Structures are given as C-alpha cells and as structure tokens.
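Here is what each chain is made of, one letter per residue.
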Amino acid sequence: MKSMMKGFASAMALTVGLTAHAQAADVEVLHWWTSGGEAAALNVLKEDLATKSIGWVDMPVAGGGGEAAMTALRARVTAGDPPTAVQMLGFDIQDWAAEGALGNLDDVAAAEGWDAVIPEALQRFSKYDGHWIAAPVNVHSTNWVWINKAALDAAGGKAPETWEELVAVLDAMKANGITPLGHGGQPWQDATVFDGIVLGMGTDFYKAAFIDLDPAALGGEQMAEAFNRLMKLRTYVDDNFSGRDWNLASAMVINGEAGMQMMGDWAKGEFLKAGKVPGADFVCIRFPGSQGAVTFNSDQFAMFNVTGDDKIAAQKAMASAIESPTFQSAFNVVKGSVPARTDVSNEAFDDCGKKGMADLAEAAGSGKLMGSMAHGHAAPAAVKNATYDVITAAFNGEYADGAAAAAALAEAVAAAQ
Ligand code: BGC
C-alpha cells in the first residue's frame, strides 16, 4: 500500500512537473494499424490521448508486419525529421537505440514502477543500455490458428491437436468444397505460418534454429521436415493467394469461404470487428503441437529524439497513458493482443483473450516463451529478412524438397550475420 501511494505520489509529481514546465504538443505517430480491427484498436488509443489533451497526427503506413513502415521511418529519420512515436517490433527498437536515435523514458518508468510490472521478456526490447526507450502497448503471439466453427463442425468438429490431425481436418475441408487454408502470399505471412510449424516441432528446436541460429538446427533433418510441412500447407490455399493482405485472408475465414487461417492474434481483431464471437462463430487454438509454448511479439512505441520541451512532454504523456492498466485492458480487448503488464485483470477479455493471457503466463513460467522469428523478436532484421526469403521461396515451390530448403536456410542465415 505504502509503495502504491509512493508510486501515485511520484506519478502526480511527474504530471504536475510536465504541466508546469511544458504544455504537451501533439504526437505524430507512425504505425501500420490500417485494417478494420487494427483501426478500431488505434481509435481506443487516440481517444484515450484526447481525454488527456494530447493531439494526434496520424502517419499510417499500410503493410502487415511493418516492413513498409520501417522503410518510411528510415526516410524520415534520414531527412532529419523523425516522428514523435513509432510502432516498432523487437530487434528494430534495439537497432535504432544503438544508432542513438531514441529518447529516454526513465523518469516516467521510475515514477510508475514499470520495472515491476512489465515482463522481463518485453523489457529486453524496451530498454537499451539499462534505459527505457520504448513503451510496450501489448503482447501478441503468432502460433495461433483461427477456425471457422461451422466449417470445423462440417469437418468432424474436433479441433486438431497434432500435425496429423491438422492435415486430416484440412483434407476434410477440401472434400467439403471450401478453401481449407485462408492465406496471403506475402513473405511475412509465410513466415508467420512457419513460426507455428517450427514451434509445433518443439521449443528446443525453435530456440536452436531461430534464436541461437545454430547451423545444425537451421540446416538439419528437423528443419527439412518443417519445410516439407510448409510445402504441404501450400496445397491447401486457393489460386489467388499471392500478395493477398492478411485481413482479406481473415475475411475468407469469417465468411466461410475458407476453413482456417494461421495468423497472430491480431486476426481476432478482424473477427470481433465483424461481430463474430469466439466459441460460437470461430475457434482459436494453438498451432497443433505448440500447446503450452508461445512465440510472442510486442508492439512498442519507440520515442525518437525530438527537439522541444513540448514534444518531449507529449512523448512522456503518451507513454504514461499507454502503460495505464485501464488503457491496457481497453486497448488489448479490441486489438486481439494481451496486456503488456502482468497486473491487469483478464475480466474484460473474451475466451481467446483469457487463453492468450493464461498461455503467456504458463509459457513464461516453463521457459517456453520464445520471441517470434516472423515478427522481429528472434533475431535482427538482416537475419529475419534472409530467413523470409528462403521460407517464401520454399512456399512457392522453388526447392526440390525440404532438405534443399533447409540447406539454403543455413547458408542464408550464415551469410546474413
Ligand atoms: C503487429 C500487429 C499487427 C500485425 C499485422 C504485427 O507485426 O505486431 O500489431 O496487427 O503485424 O499488421
């Protein structure tokens, strides 16, 4: 209680200090939240900031996974005009910090006790050299499968728990005349599916390959099998998959044209936006074989070095608003993700959200919480991009078999380091 009061008192002092010294300016926010579900969640943030008199200048750069946004960011920083706050993932935050481009949120973090409530796995990316440089807004995870409930019922009704059961359900959906797998052929989406495949073959294997970048794991027999599975999944997509945006693939599952999508829990935001209810209209499961483990990614707002006390005050006010427990619940309920703090109640979350929170806690406790390769939390961008290239080539049938793809992956990752 005493420490809570202390935290409250210093938070008040901080707010008062900010108001006394500098009126907060607008924040200019670069992000890639442009789908229906994402925009709904973004609105929760905009409206929350508006209640605190922080104005919003929008800089959306469409493109799931954020690659296009990162290109736009580089151009802005090179021109000497960085945005105030930037949605960013994992190793990209660390890379920008290493360039000395980011500001410092230590005083807000200390006043609000972030160290005690933001999980270590996120702090590893929110801090650089011991200093807070970014404010985590959520925790997403990528090893999910979103299944149309009616299509699952027509395919036997049992959610698959193993790779073999997954293939059986996909075959049944195909026999029922729908596209079994709703997918968009973009490298980051292919890689998101691959996160699930590899994690489904074991956390030790996932860690050895994507986090430790062990050449034996990257180029070995298990990786050959992972690529064979990816190539098998290719046989369940429709003819028009190439280049399709992820939210359009979600829409195919929502309207029953496709049976399932293998995608991070931002897909749930699309289902909710369409008025669909977990359990009744759709089913959320972990990628078969990966139960108990989680590949996570956390959207964080990295604060760039800006000049002007009013702009710095706005960054701090935005960071403080993002970490408020009430906001964490309201935002993540809509976004499909789970809170970036460990002390937020799961009460407002639907069944998939509750499962997401429980899975995250379980995986963190058992050493099975892994950074997502596909979403920049396993290795820096150069390695990630090299990995994407091989995965997409494999998905599109450019290797004779899984073993050839695995050999190419080991080589590509070695060259990228
Ligand atoms: C981000 C999500 C976003 C998704 C699709 C991921 O990298 O973490 O917030 O919804 O990309 O755009």
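Keep in mind that what you see is a predicted model, and the values were worked out from it rather than measured.

A. View of the site of the ligand. Of all residues adjacent to the ligand, which total 14 residues, the nearest are Glu38, Asn297, Asp299, Lys335 and His375. Glycine 65 places a polar main-chain atom, nitrogen or oxygen, 3.2 Å from an oxygen atom of the ligand. A distance of 2.8 Å separates an oxygen atom of the ligand from a polar side-chain atom of lysine 335. Protein coverage of the free-state accessible area of the ligand, which is 310 Å², stands at 100%. Among the residues forming the shell around the ligand, the class breakdown is 5 nonpolar, 6 polar and 3 charged. For the shell around the ligand, the domains that each give at least three residues are domain 1 (2-141 + 298-355) and domain 2 (144-295 + 365-416).

B. Structural context of helix 18 (residues 351-366). Helix length check: helix 18, at 16 residues, gives a terminal C-alpha distance of 22 Å against a target of 22 Å (1.5 Å per residue), a fit within 8%. Looking only at helix 18, the buried set comprises Cys352, Gly353, Gly356, Met357, Asp359, Leu360 and Ala363. Taken end-on, helix 18 shows its buried residues confined to a sector of 165 degrees, consistent with a single buried face. In helix 18, the exposed residues that point more than 90 degrees away from the buried face are Asp351, Ala361 and Gly365.

C. A look at the sheet that holds strand 8 (residues 144-148). Spatial ordering of the open sheet is given by 9-10-8-11, a layout of 4 strands whose pairing is mixed. Looking at which strands have only one partner, the edges of the open sheet turn out to be strand 9 (179-181) and strand 11 (282-286). With direction set aside, neighbouring strand axes in the sheet form an average angle of 20 degrees. The strands touched by helix 9 (residues 163-175) within the sheet are strand 8, strand 9 and strand 10 (258-262), with strand 10 carrying the most contacts at an inclination of about 145 degrees. Of the strands in this sheet, strand 8, strand 9 and strand 10 touch helix 14 (residues 246-254), which is tilted by about 140 degrees from strand 10.

D. Spatial organisation of unusual backbone geometry. You will see that aspartate 129, though not glycine, has its phi angle at about 55 degrees, which is positive. By the secondary structure assignment, aspartate 129 is in the loop between strand 4 (127-128) and strand 5 (131-132). Backbone geometry at leucine 213 places phi at a positive 55 degrees, although glycine is not the residue there. Tracing the backbone through its elements, the reader meets leucine 213 in the loop between helix 11 (203-211) and helix 12 (215-219).

E. Spotlight on the domain arrangement of the protein chain. Along its sequence, the protein chain is carved into domain 1 (2-141 + 298-355) and domain 2 (144-295 + 365-416). Each of domain 1 and domain 2 has a C-alpha centre, and the two are 28 Å apart. At the junction of the two partners, domain 1 supplies 27 residues and domain 2 supplies 29 residues. Of the roughly 2300 Å² buried where domain 1 meets domain 2, counting both sides, 58% is carbon and sulfur surface. It is Phe91, Ser141 and Cys352 in domain 1 that bury the most area against domain 2; as a group they hold 28% of the surface buried on that side. Where domain 1 meets domain 2, there are 1 salt bridge. Seen at the junction of domain 1 and domain 2, the total is 11 residue pairs in polar contact (both at pLDDT 80 or more). If you list the elements that add at least two residues to the side of domain 1 that touches domain 2, you get helix 2 (36-51), helix 4 (90-98), helix 7 (120-126), strand 7 (140-141), helix 17 (325-335) and helix 18. Counted by class, the side of domain 1 that touches domain 2 contains 8 nonpolar, 12 polar and 7 charged residues.

Criteria and cut-off values
- Residues numbered from 1 in each chain as written.
- Predicted model: local features only at pLDDT ≥ 70, side-chain atom pairs only at ≥ 80, totals over all residues.
- Heavy atoms only, no water.
- Near = heavy atom within 4 Å.
- Polar contact = N/O pair within 3.5 Å; in protein donor to acceptor, adjacent residues only side chain to side chain.
- Areas by Shrake-Rupley, 256 points an atom, 1.4 Å probe, with all protein chains shown as cover.
- Nonpolar A, V, L, I, M, F, W, Y, C, P; charged D, E, K, R; others polar.
- Domains from an automatic or database assignment.
- Helix = DSSP H or I, 4+ residues; strand = E, 2+ residues; numbered from the N terminus.
- Expected span 1.5 Å × (residues − 1).
- Buried < 20%, exposed > 50% of the residue type's maximum accessible area, 1.4 Å probe, protein only.
- Arc of directions from axis to C-beta.
- Pairing = 2+ DSSP bridges.
- Axes fitted to C-alpha atoms, helices over the stretch in contact; angles between N-to-C directions.
- Contact = heavy atoms within 4.5 Å.
- Buried area = accessible area lost by both parts, 1.4 Å probe.
- Salt bridge = Lys/Arg side-chain N within 4 Å of Asp/Glu carboxyl O.

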